[in-house]
Amino acid sequence: MNSCPFCASTLQVADIGGKDRLACTGSTCEFVHWDNPKPVTATLIPMDGGIVLVKRKFPPFIGDWCLPGGFMENSEEPEESAAREVFEETGLEVQIDKLLSAHSPGRGINVLILFYLAKPANGLMVPGDDAEDVGAFKYSELPRNICFDLHRKMVAQFFKQEVLF
Ligand SMILES: [Zn+2]
């Protein structure tokens, strides 16, 4: 982001509230780019003694596996968003059971990940348009290339039953 979305003036780094932020240089505009994290969902779906993972078709991490999920859309409820992403990527209609945890990955990855637990209700597991493949994996069958540190951690916790599922 280089220019102000309101008045198109140049944005400049300024100390606001003790942090460097991009702020508008326009004389009457007070726009500050707060750069708040975007919420994303990631859903754990226990199935056939394992967990459902999706093989990524698009960057980042093409070809790696991760939990089904994605960015929330405008006006969506978080659970609705989680179920929509699961359906789009796996063909499964799920019933969201509960929110397991919420985490920010840090290191400049500006998202808030909401991890949900869900039960498959209907549908056949088929990869959606933005997935190369989808499958339910038992612990011994887990792909080595699971991307996103927090996804990998949640999958590990799931199999160790470290979280009350
Ligand atoms: Zn402005």
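Residues numbered from 1 in each chain as written. Predicted model: local features only at pLDDT ≥ 70, side-chain atom pairs only at ≥ 80, totals over all residues. Heavy atoms only, no water.

Student: So, the environment of Cys-7: which residues are in play, and what are the values?
Tutor: Relative to the helices and strands, Cys-7 resides in the segment before β1 (11-16). A relative accessible area of 35% means that Cys-7 is categorised as partly exposed. For the pair Cys-7 and Thr-25, spaced 18 residues apart in the sequence, the C-alpha separation amounts to 9.6 Å. Once you skip the residues sitting within four places of it in the chain, Cys-7 turns out to touch Cys-24 and Cys-29. (Helix = DSSP H or I, 4+ residues; strand = E, 2+ residues; numbered from the N terminus. Buried < 20%, exposed > 50% of the residue type's maximum accessible area, 1.4 Å probe, protein only. Contact = heavy atoms within 4.5 Å.)

Student: Which residues make up helix α2 (residues 149-160), and what values do they have?
Tutor: The end-to-end C-alpha separation of α2 is 16 Å, in line with the 16 Å expected for 12 residues at 1.5 Å each. Leu-150, His-151, Met-154, Val-155 and Phe-158 are the residues of α2 that are buried. One face of α2 carries all of its buried residues, which in axial projection span an arc of 140°. Pointing more than 90 degrees away from the buried face of α2 are the exposed residues Lys-153 and Lys-160. Tucked into the core, α2 has its buried residues touching β4 (38-44), β5 (46-47), β6 (50-56), β7 (65-66), β9 (93-103) and β10 (111-122). Immediately beyond the C-terminal end of α2, within one or two residues, lies Gln-161, with a positive phi of roughly 55°. (Expected span 1.5 Å × (residues − 1). Arc of directions from axis to C-beta.)

Student: Hey, could you go over the coordination of the zinc ion for me, with residue numbers and the actual values?
Tutor: Distances from the zinc ion to its protein donors, namely Cys-4 (SG), Cys-7 (SG), Cys-24 (SG) and Cys-29 (SG), fall within the range 2.3 Å. One can describe the donor arrangement at the zinc ion as tetrahedral, given that its 4 donor atoms subtend angles of 94 to 121° at the metal. Between the donor residues of the zinc ion, the gaps in sequence give the motif C-x2-C-x16-C-x4-C. What makes Cys-4 buried here is its relative accessible area of 4%. (Donors = N, O, S within 2.8 Å, 3.2 Å for Na, K, Ca; no water. Tetrahedral: all angles 85-135°; square planar, octahedral: opposite > 155°, others 65-115°.)

Student: Give me the lowdown on the pattern of salt bridges, citing residues and values where you can.
Tutor: By the definition in use, this model includes 8 salt bridges. Ionic pairing is found between Glu-132 and Lys-55, a salt bridge with its closest N-O pair at 3.7 Å. Linking Glu-132 in strand β11 (residues 131-137) with Lys-55 in strand β6, this pair joins segments that are 77 residues apart in sequence. The shortest N-O distance in the salt bridge between Arg-152 and Asp-149 comes to 2.6 Å. Residue Arg-152 and its partner Asp-149 are located together in helix α2, separated by 3 residues, close to a single helical turn. Via salt bridges that share partners, Glu-73, Glu-76, Arg-84, Glu-85 and Glu-88 belong to a single interconnected network. (Salt bridge = Lys/Arg side-chain N within 4 Å of Asp/Glu carboxyl O.)

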